[in-house]
Amino acid sequence: MGFKDLKKKKWFSILTNMYVLVLTVFVVWMLFFDTNSLLIHLELKKEIQKLEKQQEFLKDEIANDKKILKKLSDPEELEKFAREQYFLKKKDEEIYLIEYEDSLNIEEKE
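The rules we used
Residues numbered from 1 in each chain as written. Predicted model: local features only at pLDDT ≥ 70, side-chain atom pairs only at ≥ 80, totals over all residues. Heavy atoms only, no water. Patch = residues over 30% accessible without salt bridge, like charges linked within 9 Å, V, L, I, M, F, W, Y side chains within 5 Å. Areas by Shrake-Rupley, 256 points an atom, 1.4 Å probe, with all protein chains shown as cover. Salt bridge = Lys/Arg side-chain N within 4 Å of Asp/Glu carboxyl O. Lys, Arg positive; Asp, Glu negative; His and termini not counted. Charge placed at Lys NZ, Arg CZ, Asp CG, Glu CD. Helix = DSSP H or I, 4+ residues; strand = E, 2+ residues; numbered from the N terminus. Buried < 20%, exposed > 50% of the residue type's maximum accessible area, 1.4 Å probe, protein only. pLDDT = per-residue confidence, 0-100. Phe/Tyr/Trp six-rings, centres within 6.5 Å; stacked < 30°, edge-to-face > 60°. Expected span 1.5 Å × (residues − 1).

Draft legend 1. Up close: a negative patch on the surface. Among the surface-exposed residues, Glu52, Glu56, Asp60, Glu61 and Asp65 lie close enough to one another that they form a single negatively charged patch. Residue placement: Glu56 occurs in helix H4 (residues 38–72). We classify Glu56 as partly exposed; its relative accessible area is 44%.

Now the structure itself:
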């Protein structure tokens with residue numbers, strides 16, 4: 001089978017066509033080597049999805065913080081929060097912290 005026999009084959013003439021070769025090189029270049037390649041697009045799409053999830057989480061946190069701020073605008077709620085979270089007290093007042101045995105971090109000694 002010589003070169004002349006290959007030229008007669010239809011698939012060989014299609015593959016050696018200059019337009020098909022240029023188009024093939026162009027497609028391979030655009031898919032893998034270009035700065036806007038398909039691989040980079042997939043990577044950026046994953047990054048966008050990750051950032052959108054983070055954005056949703058932060059929006060929920062902002063909504064939660066707004067509720068807390070609205071709740072703390074009431075002086076009684078602010079005092080309750082300060083007493084529970086920071087153990088603040090009024091003048092001439094004593095506070096006793098009662099810890100139960102199951103809430104303590106005590107390592108068992110063998």
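Draft legend 2. Summary view of the confidence of the model for the protein chain. Across the protein chain, the average pLDDT comes to 82, with 81% of residues at 70 or higher. Within the protein chain, the lowest mean pLDDT, 58, falls on helix H1 (residues 3–8), and the highest, 94, falls on H4.

Draft legend 3. Layout of unusual backbone geometry. The residue Asp92 is not glycine, and still its phi comes out positive at about 60°. One can find Asp92 in the segment after helix H5 (75–86).

Draft legend 4. Seen up close, the packing of aromatic side chains. Under the criterion given, the structure shown has 1 aromatic pair. Ring centres of Phe81 and Tyr86 lie 6.0 Å apart, and the angle between their planes is 75°; on these two criteria the pair is classed as edge-to-face. For Phe81, a relative accessible area of 31% puts it in the partly exposed group.

Draft legend 5. Looking closely at a nonpolar patch on the surface. A contiguous nonpolar surface patch, about 1100 Å² in accessible area, is contributed by Leu23, Phe26, Val27, Val28, Trp29, Met30, Leu31, Phe32, Phe33, Leu38, Leu39 and Leu42. Elements that contribute at least two residues to the nonpolar patch include exactly helix H3 (18–33) and H4. A total of 9 residues in the nonpolar patch trace back to one element, the largest contributor, which is H3. Along the polypeptide, Met30 turns up in helix H3.

Draft legend 6. Up close: H5. Helix length check: H5, at 12 residues, gives a terminal C-alpha distance of 16 Å against a target of 16 Å (1.5 Å per residue), a fit within 8%. Residue Phe87 follows H5 closely and has a positive phi angle near 55°.

Draft legend 7. Expanded view of the pattern of salt bridges. Across all of its chains, the model carries 3 salt bridges by this definition. Here Glu79 and Arg83 are joined by a salt bridge, their closest N and O atoms 3.1 Å apart. Placement of the pair is Glu79 and Arg83 together in helix H5, with a separation of 4 residues, close to one helical turn. Glu79 sits in the partly exposed class, given a relative accessible area of 35%. Assessed through its relative accessible area of 26%, Arg83 is described here as partly exposed.

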